[in-house]
Amino acid sequence: MAYERLSAHDVRAGERWRGMAFGRIQSGPFAGRVISVVEFSETGCRIRDHEMTCEPGDVFHLMLEDVGPMVADVRWKNGAFFGVSFRVPLRTVVLNHLRDETSKPLQDRMARLMDRGPKL
């Protein structure tokens with residue numbers, strides 16, 4: 001799937017997946033916080049969170065669904081959205097796994113993330 005630009009200012013050339021994924025912050029002042037990931041690629045993701053007060057330059061460890069932890073650098077923030085880059089790009093097999101996981105029912109994935117559901 002080719003990435004579709006949202007505007008003329010979007011200079012990304014790589015594939016990005018859009019949809020609902022979950023993550024969990026593993027370090028820093030927001031450790032344990034569950035976040036909504038609305039877009040991800042091999043090099044980073046866009047997160048939606050109305051309460052996090054992170055700023056560009058902040059660093060934390062992140063679990064994305066059941067992948068990680070990975071080191072994430074905050075690159076930008078705009079309202080409730082912020083973008084992070086991964087210090088180590090995700091491999092194709094990991095991206096495919098994340099796409100497969102995110103096609104499963106939302107409540108099952110959230111329960112697993114919250115340690116209340118079956119482990120796969």
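See above for the structure.
Trainee: Honestly, the overall build of the protein in this entry has me stumped. Any pointers?
Mentor: The secondary structure content of the protein amounts to two helices and six strands. Counting from the amino terminus, helix and strand elements in the protein follow one another as β-β-β-β-β-β-α-α. By residue count, 41% of the 120 residues in the protein fall in the buried class. Look at the contacts in the protein between residues 6 or more apart in sequence, and 47% of them connect residues 24 or more apart.

Trainee: Can you help me understand the pairing of strand β3 (residues 44-48) in this one?
Mentor: Strand residues, when the strand is regular, have side chains that alternate between the two faces of the sheet. Where burial is concerned, most of β3 is hidden: four out of the five residues are buried. Inspection of the sheet shows strand β2 (residues 34-40) paired to β3 by four bridges, in the antiparallel sense. Bridging across to β3, Ser36 finds its partner in Arg48. In this structure, the hairpin formed by β2 and β3 is closed by a connection of three residues. Pairing of β3 with strand β6 (residues 81-86) involves five bridges; the strand directions are antiparallel. Across the sheet, Ile47 pairs through a bridge with Phe82, a residue of β6.

Trainee: What's the story with the pattern of salt bridges in this structure? I'm lost.
Mentor: Charged atoms that come close allow side chains of opposite charge to pair. Taken as a whole and assessed by the stated rule, the structure comprises four salt bridges. In this structure, the salt-bridge partner of Asp49 is Arg33, at a minimum N-O distance of 2.8 Å. Of this pair, Asp49 sits in the loop between β3 and β4 (59-64) while Arg33 sits in the loop between β1 (17-25) and β2; the two residues are 16 residues apart in sequence, bridging distant segments of the chain. Owing to a relative accessible area of 7%, Asp49 belongs among the buried residues under this scheme. Look at Arg33 and you get partly exposed, because its relative accessible area is 25%. Where Arg87 meets Asp73, a salt bridge forms, and the shortest distance between an N and an O atom there is 2.9 Å.

Here is what the cut-offs are and how they apply
- Residues numbered from 1 in each chain as written.
- Predicted model: local features only at pLDDT ≥ 70, side-chain atom pairs only at ≥ 80, totals over all residues.
- Heavy atoms only, no water.
- Helix = DSSP H or I, 4+ residues; strand = E, 2+ residues; numbered from the N terminus.
- Buried < 20%, exposed > 50% of the residue type's maximum accessible area, 1.4 Å probe, protein only.
- Contact = heavy atoms within 4.5 Å.
- Pairing = 2+ DSSP bridges.
- Salt bridge = Lys/Arg side-chain N within 4 Å of Asp/Glu carboxyl O.

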